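Each chain, letter by letter, is given below.
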Amino acid sequence: MAGSSHGGHGHTPAAWTGSIIAFIGFCVAGAFMVMDNPLGFWAGMALTLAGGVVGGAMRLAGLGQKPQRAPQVASSES
């Protein structure tokens, strides 16, 4: 998209931490799925979900992207 500004989308400690934890959980789940170990697979899936929880908690703690206000559009009321 030419001309669009992403403003650092996703470049925050909360986003990086949540993504890394989720990626590790995905890898753990995949490895245990290949090894035919259901308990390890579900542990990896829990770790993947924990990545989202940790990222969300960090965002609420102020380590995420700051909310951006939408630009105001002039209205043409007569």
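Reference entry: report on the structure contained in this document. Keep in mind the model is a prediction, meaning the values are calculated, not measured.

1. Regarding the side chain of Thr 12
With respect to the helices, strands and loops of the structure, Thr 12 is situated in the segment before helix H1 (13-34). On the basis of relative accessible area, Thr 12 is assigned to the buried category, the value being 11%. Ignoring sequence-local partners within four residues, the contact set of Thr 12 consists of Leu 63, Gly 64 and Gln 65.

2. A few points about the packing of H1 against helix H2 (residues 38-63)
Running from N to C, H1 and H2 point in directions that differ by 175°, and their axes come no closer than 7 Å. Between H1 and H2, the angle falls in the class roughly antiparallel.

Procedures and definitions
Residues numbered from 1 in each chain as written. Predicted model: local features only at pLDDT ≥ 70, side-chain atom pairs only at ≥ 80, totals over all residues. Heavy atoms only, no water. Helix = DSSP H or I, 4+ residues; strand = E, 2+ residues; numbered from the N terminus. Buried < 20%, exposed > 50% of the residue type's maximum accessible area, 1.4 Å probe, protein only. Contact = heavy atoms within 4.5 Å. Axes fitted to C-alpha atoms, helices over the stretch in contact; angles between N-to-C directions. Parallel < 35°, antiparallel > 145°, perpendicular 65-115°, else oblique.

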